[in-house]
Number of protein chains: 2
Amino acid sequence: MATKKITSLEVAKLAGVSQSAVSRVFTPGASVSKKTNEKVRKAASKLGYRPNILARSLITGKSRIIGLVVAHLDNYFYPEALELLSNALQKKGYHVLVFMVAKTAGNIDDIVDEILDYQVDGIILASVSMSSNLASRCNAAGVPVILFNRTQDDDRLSVVTSDNFLGGKQVAQFLIAGGHKRIAYISGWEGASTQRDRESGFVDELKKQGRSLYAREVGNFIQDDARQAARKMFTNDEIPDAVFVASDDMAFAVMDVIRFELGLKIPEHVSVVGYDDVPIASWPAYDLTTVRQPANRMVAETVSIILESIQDQDTKPRRIQIDGPLIMRGSTRISNNASGENE
Amino acid sequence: MATKKITSLEVAKLAGVSQSAVSRVFTPGASVSKKTNEKVRKAASKLGYRPNILARSLITGKSRIIGLVVAHLDNYFYPEALELLSNALQKKGYHVLVFMVAKTAGNIDDIVDEILDYQVDGIILASVSMSSNLASRCNAAGVPVILFNRTQDDDRLSVVTSDNFLGGKQVAQFLIAGGHKRIAYISGWEGASTQRDRESGFVDELKKQGRSLYAREVGNFIQDDARQAARKMFTNDEIPDAVFVASDDMAFAVMDVIRFELGLKIPEHVSVVGYDDVPIASWPAYDLTTVRQPANRMVAETVSIILESIQDQDTKPRRIQIDGPLIMRGSTRISNNASGENE
DNA sequence: TAAGTATTTGCATTCGTATGCAAAAAATAT
DNA sequence: ATATTTTTTGCATACGAATGCAAATACTTA
């Protein structure tokens, strides 16, 4: 009710100085004598004064707000990334304004327009892409845009991903080395660059070794779809003896179907490999072999790129690919004389 | 580079009207003729003009930003809540500014100060509490504060929780009815009101039925701690035949220890109950009996309270308790002639 | 001590938009 | 047609803080 706002002017009066003096005290690097600094600080803390970031940004043109667009908060990779991102940016004096979009990802453009209304200093699109028209709008507005875990061919955008192609390739090599004969794939949403890269890395390597996909279904990065895909894939006569699932999140659903609906054993009857290495993957109930996406390193790169772009408007967009190791766990067999094999 | 900003003044010029006219066109409910409305809209879209929210909020005192403080993004209940919250607020034209805090939750006060700097219209504290001193600061600043999934005795704060006491009670009744004799509890962080309420509801009901806790360990809402607790609890001579774990997240860790480290069967040797009903609880690998915290209803209440408080400064803080059902699944046995029982 | 240099300070203006007020225009009544 | 009411419009100012500039003060140096 008693909505009192303390402004720099009131602090100035109490401290017996000008408003500019107060402003300078709270502006790092400004010229203030030790004495006024003390007077002002004392007055400020007495009144409980804190500079109004919004008013400040009107002048400086910097809001210290980063817009973040996220779609898949149900895939644990993203909450983790969000936490890391927010923490890292917080340390640098920035904060994250969140925008959720539907998974099926309609008009990101409208959302980004909303983001721009807040005069954000930068935009991070997690697993989402934007129209090239909008990209140039952001560019014109001097707002750097970073794609996180998604690629797009636009040289005004920075991109941070893991090396999805290499990841897929590693999985193929590993499964072949493990003696698997009927190797299958459950894809993510086919509009996603990450999905495409993982698959082509995987399939390319199979081909290179004279193999081809034994089966393929679409999971769309959605658990329900992945379950459906698994049911279809594993109810034929001769089921695959290995399946690479495009995300851990889907892989868990697939494993549950394989074990609890179909009564098959992992890895005896079928090996399962995921992608992401979210924490759950290491839980003994799943113990999932998977390709690690190093969220911490990806976030670190993202933050450093965005801060750099903010500081120096003329920084060129960068494209970073971080490679993650294949983490071998118990959901895959490694020799070819496994009990489930009978040829 | 070409950081051009289109302001209302430029639109005004192009449309041949005053700046005020432009402002009115973009202010719902302001007085504008049909003709000027058209002229302005055309000019605006031609230039790609959009009002600067920050400048606007300097005048109106409303930023359309809600500050959200979160601690436990690793417990899936919170990402889920965040997603729901952000979506609901987005629909109402608000957006969420995220602030992460350490789990051990030191000075929330400093964080809230930072939040206030952004002139947020409201603050949501998820599973976190604030000093009463700061509560009055927010109150004085006219910023409503809502505790989400945490209680605190301060009548300037609104509170939305599930009925944790009732939840604990239900679990006790259910376990007793299931014929369990040695009932144990693994607690959350003891500083949390949710933890305290769950435990007292549980223990009270045990007492009421002439029972008492057979064993108790502290898990702090942290998986590692919960694992430790489980190891301790289940390596004595006579282990509990049922354990209530204060959160699903911890319960999964406990189940993994019980099954994969100690080689015991759930529910044959021991029944496990969790709290939250996060999606993973329903995955067949865990199939966890648990008390549902209805995130959607909790969020809906939170949003409606916060919007109301923003609209009418004199709204009194509210305290909402939403009760959730016990969801019975396969991690608990229900009759007392189970195979693991031998007395 | 005086002259010169470096530092600190206040004044006035600016950022982009909203809004009270009074003038202008349009609509209605007489 | 004129008088009266209603609606629309522009002017001017305000929001809270940052900053270029010139004046004032403090500090060096000879």
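In short, a report on the structure. (Residues numbered from 1 in each chain as written. Chains lettered and ligands numbered in written order. Predicted model: local features only at pLDDT ≥ 70, side-chain atom pairs only at ≥ 80, totals over all residues. Heavy atoms only, no water.)

Here we take up the pairing of strand β7 (residues 215-218) of chain A. Residues and elements named next belong to chain A. The sheet contact formed by strand β6 (residues 183-187) and β7 spans 4 bridges and is parallel. Directly across from isoleucine 186, in β7, lies its bridge partner glutamate 217. Each parallel crossover has a hand, and for β6 linked through helix α9 (residues 193-208) to β7 it is right-handed. (Pairing = 2+ DSSP bridges. Helix = DSSP H or I, 4+ residues; strand = E, 2+ residues; numbered from the N terminus. Right-handed = clockwise from strand over helix to strand, strands pointing away.)

Further remarks concern the relation of the copies chain B and chain A. The transform that puts chain B on chain A rotates by 180° and translates by 0.1 Å along the axis, for an RMSD of 0.1 Å. Here the transformation between the copies is reduced to the relation of a two-fold axis. Within chain B, leucine 97 of chain B has its C-alpha nearest the rotation axis, a separation of 2.2 Å. Of the interface residues in chain B, 100% have counterparts in chain A that sit at the interface too, so the contact is made through matching surfaces. (Least-squares fit on C-alpha atoms with pLDDT ≥ 70 in both. Contact = heavy atoms within 4.5 Å.)

It is worth spelling out the interface of chain B and chain A at this point. The interface is formed by 56 residues belonging to chain B together with 56 residues belonging to chain A. For the chain B and chain A pair, buried surface summed over both sides reaches about 5,100 Å², with 58% attributable to carbon and sulfur atoms. Ranking the residues of chain B by area buried against chain A places Leu54, Tyr118 and Trp283 of chain B at the top, with a combined share of 14%. One can count 2 salt bridges joining chain B with chain A. (Buried area = accessible area lost by both parts, 1.4 Å probe. Salt bridge = Lys/Arg side-chain N within 4 Å of Asp/Glu carboxyl O.)

Quick look at the protein's contact with DNA strand D now. Neighbouring residues of DNA strand D: 27 residues in total, closest Ser8, Ser23 and Arg56 of chain A together with Arg24 and Ser33 of chain B. The sugar and phosphate moieties of DNA strand D supply 59% of its atoms located within 4 Å of the protein. One of the backbone N or O atoms of asparagine 52 of chain A is found 3.1 Å from a phosphate oxygen in DNA strand D. Serine 33 of chain B has a polar side-chain atom sitting 2.8 Å from a phosphate oxygen of DNA strand D. If you list the elements that add at least two residues to the surface near DNA strand D, you get α2 (19-25) and α4 (53-60) of chain A together with α2 (19-25) and α4 (53-60) of chain B. Broken down by class, the residue content of the surface near DNA strand D amounts to 10 nonpolar, 13 polar and 4 charged. (Near = heavy atom within 4 Å. Polar contact = N/O pair within 3.5 Å; in protein donor to acceptor, adjacent residues only side chain to side chain. Nonpolar A, V, L, I, M, F, W, Y, C, P; charged D, E, K, R; others polar.)

The environment of DNA strand C is formed by 28 residues, the closest being Arg24 and Ser33 of chain A together with Ser8, Ser23 and Arg56 of chain B. Near the protein, meaning within 4 Å, the atoms of DNA strand C are sugar or phosphate in a fraction of 58%, with bases accounting for the rest. Between DNA strand C and the protein, one listed contact pairs a phosphate oxygen with a side-chain N or O atom of serine 18 of chain A at 2.9 Å. Note that a phosphate oxygen of DNA strand C is positioned 3.0 Å from one of the backbone N or O atoms of asparagine 52 of chain B. For the surface near DNA strand C, the secondary structure elements donating two or more residues are α2 and α4 of chain A together with α2 and α4 of chain B.

The next point concerns α4 of chain B. Of all the positions in α4 of chain B, only Ile53, Leu54 and Ser57 of chain B are classed as buried. One side of α4 of chain B holds all its buried residues, which, seen down the axis, span an arc of 95°. Against the buried residues of α4 of chain B lie α4 and α6 (108-117) of chain A. Backbone nitrogen of leucine 54 of chain B and a side-chain oxygen of the N-cap are separated by 2.8 Å at the start of α4 of chain B; the cap is asparagine 52 of chain B. A positive backbone phi angle near 80° is found at glycine 61 of chain B, which sits one or two residues after α4 of chain B. (Buried < 20%, exposed > 50% of the residue type's maximum accessible area, 1.4 Å probe, protein only. Arc of directions from axis to C-beta.)

Attention shifts here to the sheet that holds strand β8 (residues 242-245) of chain A. All names here are of chain A. Taken in spatial order, the 6 strands of this open sheet run β7-β6-β8-β9-β10-β12, and their pairing is mixed. Of all the strands in the sheet, just β7 and β12 (326-327) have a single pairing partner and so form its edges. Looking at chain direction, strand β10 (residues 289-292) and β12 are connected through 2 bridges and run antiparallel. Within the sheet, the bridge partner assigned to threonine 290 lies in β12 and is isoleucine 327. Against the sheet, α9 touches β6, β7, β8 and β9 (271-276), its axis set at about 170° to β6. In the packing of helix α10 (residues 223-233) onto the sheet, contacts are made with β6, β7 and β8, and the angle to β7 comes to roughly 155°. (Axes fitted to C-alpha atoms, helices over the stretch in contact; angles between N-to-C directions.)

This part takes up the packing of aromatic side chains. Residues and elements named next belong to chain B. Summed over all chains, the structure comprises 23 aromatic pairs over all chains. Measuring from ring centre to ring centre gives 5.8 Å for tyrosine 185 and phenylalanine 202, while their planes differ by 35°; the resulting arrangement is tilted. Here the residue tyrosine 185 occupies a position in strand β6 (residues 183-187), and phenylalanine 202 occupies one in helix α9 (residues 193-208), the gap between them amounting to 17 residues. The exposure classification of tyrosine 185 matches that of phenylalanine 202, with both residues buried. Aromatic pair tyrosine 185 and phenylalanine 244: ring centres 5.4 Å apart, planes at 55°, arrangement tilted. With tyrosine 185 in strand β6 and phenylalanine 244 in strand β8 (residues 242-245), this residue pair connects regions lying 59 residues apart in the sequence. Assessed through its relative accessible area of 0%, tyrosine 185 is described here as buried. (Phe/Tyr/Trp six-rings, centres within 6.5 Å; stacked < 30°, edge-to-face > 60°.)

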